[in-house]
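# Geometric and topological summary
So you can see what is in the structure, the chains are spelled out below.
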Amino acid sequence: MAEHAGRRCCLGWDFSTQQVKVVAVDAELNVFYEDSVHFDRDLLEFGTQGGVHVHEDGLTVTSPVLMWVQALDIILEKMKASGFDFSQVLALSGAGQQHGSVYWKAGASQVLTSLSPDLLLHEQLQACFSISDCPVWMDSSTTAQCRQLEATVGGAQALSCLTGSRAYERFTGNQIAKLYQQNPEAYSQTERISLVSSFAASLFLGSHSPIDYSDGSGMNLLRIQDKAWSQACLGACAPHLEEKLGLPVPSCSVVGAISSYFVQRYGFPPGCKVVAFTGDNPASLAGMRLEEGDIAVSLGTSDTLFLWLQEPTPTLEGHIFCNPVDPQHYMALLCFKNGSLMREKIRDELASSSWSEFSKALQSTEMGNSGNLGFYFDVMEITPEIIGRHRFSAENHEVSAFPWDVEIRALIEGQFMAKKIHAEGLGYRVMPKTKILATGGASHNRDILQVLADVFGTPVYVIDTANSACVGSAYRAFHGLAAGTDVPFSEVVKLAPNPRLAAAPTPGASQVYEALLQRYAMLEQRILTQTRGPPE
């Protein structure tokens, strides 16, 4: 590791569901060091599976807070043993799994400010938490609290307009409400409530770090328009909540200099800056270097869309967050459950389990599929709530089957048309300079990406995003150093590797899909009405 001596850098951390990860990125934006600690493998004493404990009710899901602290100890000791030169670290930032919450016990702030460099963090913070097992994003035990919150503010749509999302069980406000109702003693002993991101930043800061606007948008508590806590939402969740949360800050804020503990134990420079930590999804937006009007499509087990928005229109689906790299703008997140598992299922049923046969079907059928449209939801979809397979001819008659190659194109066109329609529902518009960044397993299939480019009418690029939350955190540390809001993020990351063009829209594609998109939206409503009844 001696070859890294003298290499000035920023660190990017990621406190995710299954591991803690770090990368070091130099001034030319090259990643030159990375390491991780895996909870199930490296911290067996906590007995987690997938980094969590699923409780007997099947709904409550938590993680031990001291496991996260100990993972940080282990990774820093590994870095030190390898000869990592901490004296060259200019700044650090990080990401945390979204929505999870940490409850600091009264007196914790004094412990944080007086840590002894002779002891590890987890040895000194044992008694600092009023709840030892923290609720995380996989928890779905707060349905009653969600309904209470929506009722308080005038319904689900009203809450979405205020906070960017309707009430979700995993969102932090509803988790805090449950804790207050079920364990009022632990709540009253709590001096500060952190998100996983601001908790991790607090460890480096040696004091309670504020929650940033972007991760704070995943709580059902922050007014996304003026970036202040909603008094109505706070009051619906628990008393004295504002003082336990502290004031939120812009995501590019320098929240302070590193704690003297890290200076003395590891050799960080006293001037090393801590830039506000944010959620893993916002940090990934930074890692993928999305710009205004861009869209990122993660084609994984479930498909996720990240959108950069200027004027959001919150709805009952998806989430609007404050943008982590531009405080004037927003980002949106849409999740589609029937992603690669659905694509693989159709591949196995119709293309002899072969991606090259699957691609041949896309190559041999025409754009627009002669007007044939399909909906493929073998598990209950989130966006929108539909299940089953539904096929329609060019005359909008429901049919029981398509020829195998038409079926494959109907699946892929349908998946991407749904994404475009629901993105536009949140306020997204394709702009002249819009690009799509495709990641995940299916981004390796050029024929699938060609359909994506054609449906959206914009070029598709691919980018290596193996550590996008970590790398995005290091980029954000550089952005914070460069005075944050006054310098565009794009200027700070211009040296980073460029994405590669994978597919450009076929001439005439937008004309073909314009009418099809309207039909798809109309048929989606028809299926919804058949399965749910007419809208109220």
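Residues numbered from 1 in each chain as written. Predicted model: local features only at pLDDT ≥ 70, side-chain atom pairs only at ≥ 80, totals over all residues. Heavy atoms only, no water.

On to the sheet that holds strand E4 (residues 53-54), then. Pairing is antiparallel across the open sheet formed by three strands, whose spatial order is E4-E5-E8. Single-partner strands in this sheet number two, and they are E4 and strand E8 (133-135). For E4 and strand E5 (residues 61-64), the ladder comprises two bridges, and the chain directions are antiparallel. Looking across to E5, one finds that His53 is bridged to Thr62. Against the sheet, helix H2 (residues 65-81) engages E5 and E8, with an angle of about 40° to E5. (Pairing = 2+ DSSP bridges. Helix = DSSP H or I, 4+ residues; strand = E, 2+ residues; numbered from the N terminus. Contact = heavy atoms within 4.5 Å. Axes fitted to C-alpha atoms, helices over the stretch in contact; angles between N-to-C directions.)

All right, on to helix H15 (residues 340-350) then. Within H15 the residues assigned to the buried category are Ser340, Met342, Arg343, Ile346 and Arg347. Summarising the axial view, the buried residues of H15 lie within an arc of 160°, below the 170-degree limit, and thus occupy one face. Immediately beyond the C-terminal end of H15, within one or two residues, lies Ser352, with a positive phi of roughly 50°. (Buried < 20%, exposed > 50% of the residue type's maximum accessible area, 1.4 Å probe, protein only. Arc of directions from axis to C-beta.)

Moving on to the UniProt feature "domain: Carbohydrate kinase FGGY N-terminal" (unreviewed entry) in the protein chain. Those residues carrying the UniProt feature "domain: Carbohydrate kinase FGGY N-terminal" (unreviewed entry) are residues 133-287 in this numbering. Across residues 133-287, helical content stands at 49% and strand content at 14%; the span's end C-alpha atoms are separated by 30 Å. (UniProt positions renumbered as here; feature names shortened; annotations may be inferred.)

A separate point is unusual backbone geometry. Going from Thr383 to Pro384, the amide bond is cis rather than trans, its omega being -5°. Within the chain, Ser370 stands out as a residue other than glycine whose phi angle is a positive 55°. Among the structural elements, Ser370 can be located in the loop between helix H16 (355-364) and strand E19 (373-377).

A word on the environment of Gln181. Inspection of the secondary structure assignment puts Gln181 in helix H7 (residues 172-182). Of the residues examined, Gln181 reaches a relative accessible area of 38% and is grouped as partly exposed. Separated by 57 residues in sequence, Gln181 and Ala238 place their C-alpha atoms 8.3 Å apart. Sequence-distant contacts of Gln181, defined by excluding residues within four places in its chain, comprise Gln145 and Gln148.

Moving on to the sheet that holds strand E16 (residues 303-309). If you walk across this open sheet you meet the seven strands as E17-E18-E16-E15-E22-E23-E24, and the pairing is mixed. The two strands at the open ends of the sheet, each matched to only one other strand, are strand E17 (319-322) and strand E24 (500-503). Sheet twist, expressed as the average angle between the axes of neighbouring strands with direction ignored, equals 30°. Of the pairings in the sheet, the one linking E16 to strand E18 (residues 330-336) comprises seven bridges and is antiparallel in character. Considered in E18, the bridge of Asp303 is made with Phe336.

A word on the pairing of E19. Within E19, five of the five residues are buried, which leaves it mostly tucked inside the rest of the structure. A two-sided burial pattern is seen for E19, the buried positions comprising Leu373, Phe375 and Phe377 on one face and Gly374 and Tyr376 on the other. In this structure, E19 lies alongside strand E20 (residues 388-392), joined through five bridges in antiparallel fashion. By the bridge assignment, Gly374 is partnered in E20 with Arg391.

Attention shifts here to the nonpolar core. With 86 residues, the main nonpolar core has Ile176, Leu221, Leu241, Leu245, Phe358, Leu449 and Leu452 as its most contacted residues. Each of domain 1 (9-281) and domain 2 (289-465 + 497-535) gives at least three residues to this core. Among the nonpolar cores identified, the runner-up in size contains 56 residues, and Met79, Val89, Leu92 and Tyr261 belong to it. (Core = buried A, V, L, I, M, F, W, Y, C linked by side-chain atoms within 4.5 Å. Domains from an automatic or database assignment.)

This next bit is on the packing of aromatic side chains. Per the counting criterion, the structure on display carries 21 aromatic pairs. When the ring of Trp104 is compared with that of Phe199, the centres are 5.8 Å apart and the planes differ by 40°; the resulting orientation is tilted. One end of the pair, Trp104, is in strand E7 (residues 101-105); the other, Phe199, is in helix H9 (residues 196-205), and 95 residues separate them in sequence. Their ring planes at 70° and their centres at 5.3 Å tell us that Tyr180 and Tyr187 sit as a pair that is edge-to-face. Taken together through their ring pairs, the aromatic side chains of Trp13, Phe32, Tyr33, Phe84, Phe86, Phe204, Tyr261, Phe262, Tyr266, Phe268 and Phe277 make up a single cluster. Taking the ring centre of Tyr187 as reference, the NZ or CZ of Lys244 above it sits at 4.7 Å. (Phe/Tyr/Trp six-rings, centres within 6.5 Å; stacked < 30°, edge-to-face > 60°. Lys NZ or Arg CZ within 6 Å of the ring centre and 35° of its normal.)

Okay, the domain arrangement of the protein chain next. Along its sequence, the protein chain is organised into domain 1 (9-281) and domain 2 (289-465 + 497-535). Distance from the C-alpha centre of domain 1 to the C-alpha centre of domain 2: 33 Å. Taken together, the 23 residues of domain 1 in the interface contact 16 residues of domain 2. Roughly 1,700 Å² of surface becomes buried between domain 1 and domain 2 when both sides are summed, with 55% attributable to carbon and sulfur atoms. Our enumeration of links across domain 1 and domain 2 arrives at 12 residue pairs in polar contact (both at pLDDT 80 or more). (Buried area = accessible area lost by both parts, 1.4 Å probe. Polar contact = N/O pair within 3.5 Å; in protein donor to acceptor, adjacent residues only side chain to side chain.)

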